[in-house]
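Below, each chain spelled out in residue letters.
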Amino acid sequence: MTDQEFRKHMERSPEEGMRAVFDEYCNYVYVIATAKLKSCGTKEDIEECVSDVFTEVFKKINYIGEREGDLKGFIGVIAKRKAIDMYRKLNVKADRMISADDEVMREISSGENIIESSEMSERNSILLNKIKELGEPDTSIIIKQYYYNMTVAEIGKAISMTAAAVQKRSVRARQKLKKMLCEVGINY
Amino acid sequence: MNKKDEMFNEFDIDLETADRIAKEYPSLSDSARERMFNMTKKKMNITNDAYEANNNSVIGVERYNRPRWIKFAGMAATIAIIAGGIGGGGYLLHNMKMSAPPVGSSSETDVTTASSVTTNVTTTETTTAATEAKYSTPEEAAHKLTDNYWDYECFFDIAARTKADYANKGIELKYTMQYDGWTTDIDVVYYKTIDERLTEKTMDGLKELYNTYYGKNYDPFYSVNAEYTNNYELFGPSFTSDTLPADGKIDLAYTFIEYEGELYQKGLNNEYILDNHWSDDQIDVTDVTENSFTLKRKFNNTPNAIFEETHGEVTFKIVFDEDAQDWRIDQKDVEYDYQDTSAAAAE
């Protein structure tokens, strides 16, 4: 969806426009929020963050220009920023210190860090390709578990397996994945 | 689930990968989506209500009618000032001409004149463009090299942070990334460069722009945290539809390539344009030697819907380039000022 399409949609029917954008980008925003918050937040925190992102996006409709560009990038950046805000709040609540050298802090500037972000992007691409090479149902299990922060019980329900079977497959899949990554020079 | 699994904790997600996962493996249940959408709607209503309930806000503007006669009075006053300036200036010039002492009437004037003549002759005989450049003050060289820094630095990085024709399909290629003795193929897409600041959209025009500001030892990819920068190169090869590699493979990740005589730039996510500018004209020049000096300048951006306000400082090492016979940027380092918002977040 382009910026212009989004604006037109919102002018015609705000409720429908919001629904369309939400349905199209909900998974995308959820994955971004999960990556940032899974180490310190709960599922509720992630859902809260996702709703904050879309609230911000809908509020900023007047800022969006007449570009033919994809709305995805715009939403993605807001999602990253909101997730960082939430991460900070959760760490303050938990009384944890955030160092200025922290990756999250560095990302805020993001102006001169495109080399690092490019490397990160490349490594993520390799990781995802390797997860896909695991084959089903292991690919789905790992993706749901790590990119969507789902529990083994939830995954089991989604792919019609018992929680115990999901857990067993997950352990084996992770071991296999480590080996595959090791073969391309990424070690843990 | 083991949340401490370092395999995934070490990887922060990038927007491209998040998009791939969301498209290829959409995993949110209908109930979860509905819950989050309702939460969003509720927040939207709360926000709108909050705006409406704020009775202390001021709405609308008061119209002010400026009396018409002020315009004519202003015009008359302006004409009177200009006429006074011209008349007064002419009068003073006329008086100066009348009262100017004859040449040689004063010994003091003799010395001054002789000295200035000698200096002029010497300068004319020995001055070349190169020495002029070398003997320009560090401040002059600093301004010359960096006043328009933000207009050109955006082109010279691992990817250009400038406008490209993202609306049309780019050229899809791949390069082999090498790190720690391992290799892997990485997809890269090149989009046509359309930035109006590049008047000459060819590789030669781009190289000329680069060489105007940067010295031969400058590393455009240097960053304290960057690894494997040996995979990158700014200026790539030229291709035509006939010479484009059949397997789509290029040897390095070039920031720019030429295709059918036109410049194409590497696409990194979507448009990645920052609006950085110097905070003021203040320059801080230190460590001055005959052939080098250090320059520090403070910058900030214009915040917009995507980027929040950012402040920082760029430190340049400027050296005199013997080949170019002019000053060039040899090294640069950027430091950001982080604002501690944890107190605000705690409230």
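Since we're looking at a predicted model, the values are computed, not measured.

Criteria and thresholds
Residues numbered from 1 in each chain as written. Chains lettered and ligands numbered in written order. Predicted model: local features only at pLDDT ≥ 70, side-chain atom pairs only at ≥ 80, totals over all residues. Helix = DSSP H or I, 4+ residues; strand = E, 2+ residues; numbered from the N terminus. Buried ≥ 20, exposed ≤ 12 C-beta atoms within 10 Å, placed from the backbone. Contact = placed C-beta atoms within 7 Å. Pairing = 2+ DSSP bridges. pLDDT = per-residue confidence, 0-100. Core = buried A, V, L, I, M, F, W, Y, C linked by C-beta atoms within 7 Å.

Novice: I'd like a rundown of the overall build of chain B, residues and numbers included.
Specialist: The helix and strand tally for chain B stands at 10 helices and 11 strands. Scored against the burial criterion, the 347 residues of chain B give a buried share of 20%. Residue pairs at least 24 apart in sequence account for 56% of intrachain contacts in chain B once pairs closer than 6 positions are excluded.

Novice: Describe the pairing of strand β6 (residues 262–266) of chain B, listing the residues and the values that go with them.
Specialist: Of all the 5 residues making up β6 of chain B, 4 are buried; the element is thus mostly covered by neighbouring parts of the structure. Here strand β5 (residues 253–259) of chain B folds back onto β6 of chain B in antiparallel fashion, the turn holding 2 residues, of which E260 of chain B has a positive phi close to 50 degrees.

Novice: Kindly report on the environment of T243 of chain B, identifying the contributing residues and their values.
Specialist: All names here are of chain B. Here T243 shows up in the loop between β3 (232–239) and β4 (249–250). For T243, a count of 10 C-beta atoms within 10 Å corresponds to the exposed category. Counting along the chain gives 16 residues from T243 to Y259, while the straight-line C-alpha distance between them is 9.5 Å.

Novice: How would you sum up the confidence of the model for chain B? Please name residues and give values.
Specialist: Residues and elements named next belong to chain B. In this model, chain B carries an average pLDDT of 75, and 68% of its residues clear a pLDDT of 70 or more. Note on residues 50–57: pLDDT is under 50 here. Beyond four places in sequence and across chains, it has 0 contacts. Below a pLDDT of 50 lies the segment residues 341–347, which in the model reaches 7 contacts outside its immediate sequence neighbourhood of four places, other chains included. For this predicted complex, the interface confidence comes out at an ipTM of 0.81, alongside a pTM of 0.47.

Novice: Go over the nonpolar core with me, naming the residues and quoting the values.
Specialist: V29, Y30, V31, I32, A33 and V50 of chain A are the most contacted members of the largest nonpolar core, which totals 53 residues. Where this core is concerned, the elements lending two or more residues are α2 (14–37), α3 (43–59), α4 (71–93), α6 (114–133), α7 (138–147), α8 (152–158) and α9 (163–183) of chain A together with α2 (15–24) of chain B. Looking at which element gives the most residues to this core, the answer is α2 of chain A, with 13 residues. Leaving out residues up to four positions away in the same chain, V31 of chain A has contacts with Y147 and Y148 of chain A together with I13, A18, I21 and A22 of chain B. One finds Y191, Y232, I250 and Y254 of chain B within the second-largest nonpolar core, a separate group that totals 24 residues.

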